[in-house]
Amino acid sequence: MLTLLSRAARGLRRSPGFTALCVLTLAVGIGADTAVWSVLDAVLLRPLPYPRSERLMWIGHTVPGLGLSLVGLSDGTYALYRAHQRSFSDLALYRAGPVNLAGEHGPVRVPAATATASLFHVLGVGPRLGRSFDAAEDRPGGRAVALVGDRLARQLGGGARPRPVVGRLLRIDGVPTEVIGVMPAGFAFPDLDTELWLPRRVDPERTNLAELNDDAVGRLSPGATRRSATADLERTARALERWVPGRVAKILVGAHIEPVVMPLRDQQVGDVGQLLWILFGAVGCILAIACANVANLLLVRGEGRQRELAIHAALGAPRRLLLGGVLAESLLIGLAAGAAGVALAWGGLRLLAALRPPALSRLTPASLDLRTLAFAALLSVVTSLLFGLVPAWRAGRRAALASDLKGSGRALTAGRGRRRLRQLLVALQLALAVVLLAGASLMLLSFRHLVAIDPGFDARSVLTLEISLPEAEYPDDAAAARCLDAAVARIAALPGVDAAAAVSFLPLTQTALAGHDFADYPRAPTVPPPVIDYRYVTSGYFRTMGIPLVAGRDLDPAAASRRTGEAVVSLALARRWWPHGSALGRRLRPQKRGSKPTDPWYTIVGVVGNVRHRALTDEAPEEAAYYPVLPKKPGAWSAREMMLAVRTRVAPESLAPAVRHELAGVAPDVPAANLRTLDEVLHGARSQIEFSALMVLLATAVALGLGAIGLYGFVSYLVGLRTAEIGIRMAMGASGRRIRWMILGEAGAITAVGLGVGLAGAAALGGWMQGLLYEVSPRDPLAFSAAPLLLAAATLAASYLPAERAARIEPRVALERGE
């Protein structure tokens, strides 16, 4: 074997140009496959970093009667399920959300999560230092304690040993909190960025059923399955009225609340999995095209050495030696391409990290670890076999070698066979390029439609930020509202600022849904209320966001001090509930925690344009209601958690330091978190389709380039093979134009075959991509016509130069070369 490899290495060194071309062609395919594989492996294939992670299930609900497709649990449903289920060893409730952490250089916003003490038992992971929450700390009134992540512990400890952090008091949201434990390095739940865990205190005697805003995770008991666990929770859900008599339970049962149990990985990955498999398929096409290209190059190289191999065979060289020599060359090319591909994969991972959408950035990061390097090595060996088998098979056929040595008619037949084989390989490359072209066209059309969507607000020149006023420092809503008003007023007075306002959630950042009552449409207490989007805003919010006022007026700032209930609604809501009259003066109220049938109504004073709050791709206009931030108003939003929007006359980023300064002047212990422009928020909503389109487009460009190179090489080879024929034709009077069309016609026939096969494959791919498309049919005529046109242009460019060269051959020279 070593002798074969040594001889193959010497042969490749004698042809450095050929070797470099083969290695670089394959390296592109292996590098792209390795980069995407590392992400796919990290996100979808590896088990989660918990013992027996396949037994971990996320638990949520669907409530079709309220129009809720997938929501979480409330503390009430969690308490009921935990008390009555028999399929899980335990359940845990958690919710992600940042907190304010006082630091030496001012307050900072830290990604955190509140969780019941059972979380760490369910996951099977405990603190590396210290302990986790105990039963007393897991109940209302328990001590203020926290667990910190390894990374945060090192920052707080000022070194590599986090031990001094345990027992330290941190000021979290204004509350002195004792650190009781440090989690192991690499532990991150529920998000990669989470660095702090606080108790999620649930009092079984005082829970709420309605607010399905928390997540839950459970570990299946031995013998239990996902199906049996779902059936187990469904029995409890159907008996809600028996366990918790009351109006809310009747409404949820009437709305057909149904538990959902899914693997924790599936909940974390979401629809990113489909995107990654499509990308892996795209780079797989690149590798297949590269293999076909190199196989063609090896066939050409083998044809130049057929006489040499024939002499060796005639002298008695064993068949395995002839076949092994060609395979050894293929193996060396594959391994060299694998090494170069790993370097390209490293760069590819940096590119993916820079371009990846937020949904992907929250998942396990990819790296070139041993598993990925092993995949690259395996890929190198497998591709060596793929592109080396045909040339090796040809080299090992004694009959064909004898024909080459004798120069008989059988050699001509064999030459035609090799030509058909090369035609097939080129057609395969072009077919794969068509598949990617059609996929890229579909993604680009989707992105074009997405960009054309009117979000309902003007995202230009708006700076946004988040603030959280700690309850310890602002003990009542009135104090929080006064602080918020002062901050908005000071920021609005800054030079270069046109307007400023606050909102509970900016559009496209978080969903806020609540049941609503309408005074004009009374309902029975047990009938589910219609669920619509809602926001709490300060006066001037619509002007700041560029949301048009259709009728009526904005919320009156003075009404807040009088605690008069006013509301503004979207045009979609007004048209649905009062299609034949004005919505102004009508009354509605949200149904939230603590709401009662005797709660006061809000009077509609204005109607504004529709805004896409949940997603840009929502089909129907969203019904929405906007309420003022009112202290102590039943069902009102707490002014402590708010987002600020600042419309500017200058570059929004340039005002970030001034905004921070003004906020610090009002609330020195509150950080201005997550400063970004509204354009960035809008871009984030488009990021997944944009990322998909860009990745598939890059893969398509590479595939089309490799396919064109393959066709160029084949046509050049064809011209060389038919030099004598061309000379005879021209000597008999054939014009250069006729010769040119003859060569182009053969290239066109190969292209037609590749096009037909590719369009069939593209039709299958379109159906698979349907979940990633927006307002585009998976068999869109424009996309499927663009692919043939681009392929035709590429193949024409690739085959024209060899055809032109053939048309200019002198007949005498052609006949001399063909002898």
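Just above sits the structure.
In this report, we go over the structure that sits alongside the text.

Criteria and cut-off values
- Residues numbered from 1 in each chain as written.
- Predicted model: local features only at pLDDT ≥ 70, side-chain atom pairs only at ≥ 80, totals over all residues.
- Heavy atoms only, no water.
- Buried < 20%, exposed > 50% of the residue type's maximum accessible area, 1.4 Å probe, protein only.
- Helix = DSSP H or I, 4+ residues; strand = E, 2+ residues; numbered from the N terminus.
- Pairing = 2+ DSSP bridges.
- Salt bridge = Lys/Arg side-chain N within 4 Å of Asp/Glu carboxyl O.
- Contact = heavy atoms within 4.5 Å.
- Phe/Tyr/Trp six-rings, centres within 6.5 Å; stacked < 30°, edge-to-face > 60°.

**Some details on the pairing of strand 1 (residues 56–63)**
Piece 1. Here strand 1 lies mainly inside the structure; eight of its eight residues are buried.
Piece 2. Burial along strand 1 is two-sided: L56, W58, G60 and T62 and M57, I59, H61 and V63, pointing in opposite directions, are all buried.
Piece 3. Of the strand pairs in this sheet, strand 1 and strand 12 (residues 215–220) are connected by four bridges, and their pairing is antiparallel. Bridge assignment links I59 to a residue of strand 12, and that residue is A216.

**Considering the pattern of salt bridges**
Piece 1. Within this structure, the stated rule accounts for 27 salt bridges.
Piece 2. Of the charged contacts in the structure, one is a salt bridge between E137 and R143, with a shortest N-O distance of 3.0 Å.
Piece 3. With relative accessibility at 2%, the residue E137 sits in the buried group.
Piece 4. For E566, the salt bridge is made with R553, and the minimal N-O distance between the two is 2.7 Å. Taken together, the residues span a long stretch of sequence, with E566 in strand 19 (residues 566–570) and R553 in the loop between strand 18 (549–552) and helix 19 (557–562) at a distance of 13 residues.
Piece 5. A single network of salt bridges, built from pairs that share partners, joins R131, D134, E137, R143 and E178.

**Section: the side chain of T194**
Piece 1. Its location among the elements puts T194 in the loop between strand 10 (175–182) and strand 11 (196–199).
Piece 2. With a relative accessible area of 5%, T194 lands in the buried category.
Piece 3. Apart from residues no more than four positions distant in its own chain, T194 is found in contact with P111, A112, A113 and F189.

**Considering the packing of aromatic side chains**
Think of a pair of aromatic rings as described by two things: how far the centres are apart, and how the planes are tilted against each other in angle.
Piece 1. One pass over the structure, following the stated rule, counts 19 aromatic pairs.
Piece 2. Look at Y50 and F187: their rings are 6.3 Å apart centre to centre, the planes differ by 70°, and that puts the pair in the edge-to-face class. Here Y50 is found in the loop between helix 2 (16–45) and strand 1, whereas its partner F187 is found in the loop between strand 10 and strand 11, with 137 residues between them in sequence.
Piece 3. Judged by relative accessible area, which is 8%, Y50 ranks as buried.
Piece 4. Take F187: its relative accessible area is 10%, and that puts it in the buried class.
Piece 5. Ring centres 5.3 Å apart and planes at 50° place the aromatic pair F187 and W197 in the tilted group. Remark: W197 occurs in strand 11 and F187 occurs in the loop between strand 10 and strand 11; sequence separation between them is 10 residues. Judged on exposure class, the residue F187 and its partner W197 are both buried.

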